[in-house]
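Descriptive structure summary
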Amino acid sequence: MSRELLVGTRKGLFVLRDGTVEGPLLTGWQIYHAIRDRRDGALYAASNHFVYGATVHRSSDDGQTWERAEELGLPEESGLKLNATWHVERGPGSELWLGGDPGVLFRSDDGGTTFEPIAGLVEHPTRDRWQPGAGGMCCHSIQIADGKLYAAISAAGSFRSEDGGESWTPINQGVAADFFPDNPFPEVGQCVHKLLAHPAREGRLWQQNHCGVYRSDDHGDTWERLEGNGLPSGFGFPIALDPADPDVAYVVPEEGAENRVTCDGRLGVYRTGDGGANWTLEETGLPDRAWLAVMREGMAFDDTRVYLGMQSGSVFARGEDGAWSEVARDLPPILSVEVGDWP
Amino acid sequence: MLLPSLLAAEAGGRGRFETDAGTIAEALRALPVADLLLDERGELRPLVNVYVDGIDVREREGLETRLDGPEKIRVLAAIAGGWL
């Protein structure tokens, strides 16, 4: 196995391997997220086109040829139409999960040929209080940990299922929705930008939200806001973790909702090593005269490195020594990065 | 029927199809890229244009536009300039 980075862009999918850039694959498609399934080596891409709509592509020959999933549909009685596919996630068994806009989750049990919408979210009793964020009402985060399934939707909030997706509990207690000044801590409606579960610490979740960075140690039942302690801003989109250390996280703060560029005229990654109590700027190898933006799927990590894909088309990687280096540049605007294992 | 390059790629590299369908809806539904032309309710996607002998089907009977046999059907993505 060799390590690879799958880079989804506005103009197709690129694959970074051993210092080379392959692609574009799926020419003309916007790749919101892509993964390689370790079980069989298949590639999956949440692919969208402004004319031809939203779909999922699958390749079993390393991107030489692609098959498109059968039409993705939502129940007619729901009145919903699929606007975009956002995130693909492997399940612990043979299943595959797909998040989409408008706040919907699909499951495939046939290797991505067909996807069935999850009724428990389509028909969630709080849906009438959800609203789309600037990127739409996207289900962008799907996490499976400790036998629980987590889904995060902008701007509906985070949800947890303990019965395989049949029913969903909102888990937004303590998460602010400052854009609702009359009710800044509602049950749902929070604008979560990215949610991750730590793979080794049971119950530990992290989220980068429109209104701050948060950590939970009880499967999302309660959240602690982690700012005012080194972060120049609580606003940002991606978050990355260290699989070996549950107290480590990385974020890329932006000025704020009304000016979505990296803070202080530089590209700054902020790291915590103590569960979010303190954050420090990492600057070695990152440009210090820069006004950049990174999308919610624009960070990825493995056991040794952290990766950052920018809308400017550059990819940076953080080595074990804490220094960052540019490993690719001049790609189309980057929507996602994901680590894969190349068979 | 003629497809643009992205749709031809999605159709396995094939950009030209023959049809004996009676309507545009039937002709489009028979294509291997039907889901990219029609939305989940079976309606023509807003930025997909279909021309029969050079006339936009939206200026005729839409998806119910009748086909007699010799027509040339052309699928095109609408002009949509901007940030994309």
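Below or above, wherever it landed, is the structure these notes cover. (Residues numbered from 1 in each chain as written. Chains lettered and ligands numbered in written order. Predicted model: local features only at pLDDT ≥ 70, side-chain atom pairs only at ≥ 80, totals over all residues. Heavy atoms only, no water.)

**As for the overall build of chain B**
Filter applied, for reference: Numbering of helices and strands runs from the N terminus; a helix is a DSSP stretch of H or I covering at least four residues, while a strand is a stretch of E covering at least two. The size measure is the radius of gyration over C-alpha atoms, and the globule rule it meets is 2.2 Å times the number of residues to the 0.38 power. Each residue gets one of three labels from its accessible area relative to the maximum for its type: buried under 20%, exposed over 50%, partly exposed in between, using a 1.4 Å probe on protein chains only. By definition in these notes, contact holds between two residues if any of their heavy atoms fall within 4.5 Å. Values of accessible area rely on a 1.4 Å probe in the Shrake-Rupley scheme; residue burial ignores everything except the protein chains shown. Counted as positive: Lys and Arg. Counted as negative: Asp and Glu. His and the chain ends are not counted at all. Every charge is mapped to an atom, namely NZ of Lys, CZ of Arg, CG of Asp or CD of Glu.
What chain B contains, in helices and strands, is three helices and three strands. The C-alpha radius of gyration of chain B comes to 12 Å, within 12% of the 12 Å expected for a compact globule of 84 residues. If you line up chain B on its principal axes, its C-alpha atoms span 40 × 30 × 25 Å. The buried share of chain B, taken over its 84 residues, is 50%. Look at the contacts in chain B between residues 6 or more apart in sequence, and 47% of them connect residues 24 or more apart. Carbon and sulfur atoms make up 49% of the accessible area of chain B, which totals about 4,700 Å². Once the 10 positive and 15 negative side-chain charges of chain B are each reduced to a mean point, those two points are 4 Å apart.

**Re the layout of surface pockets**
Residue and element names in this part refer to chain A. Under the convention used in this document: Of the grid points, spaced at 1 Å and generated over the protein atoms alone, those admitting a 1.4 Å probe that cannot get out make up cavities, while open sets with protein on both sides within 12 Å along at least five of seven lines make up pockets; any residue with an atom within 4 Å of a point is treated as lining. Grid points are joined across faces, edges and corners, and a volume is the space filled by probe spheres set on the points.
In this structure, the largest pocket occupies an estimated 850 Å³ of space. Forming the boundary of the largest pocket are 30 residues, of which Glu89, Arg90, Gln143, Phe301 and Glu338 lie nearest the centre. Taken together, the elements giving at least two residues each to the lining of the largest pocket come down to strand E4 (30–36), strand E8 (84–90), strand E12 (138–145), strand E16 (192–197), strand E25 (299–301) and strand E29 (334–342). In terms of residue count, the dominant contributor to the lining of the largest pocket is E8 (four residues).

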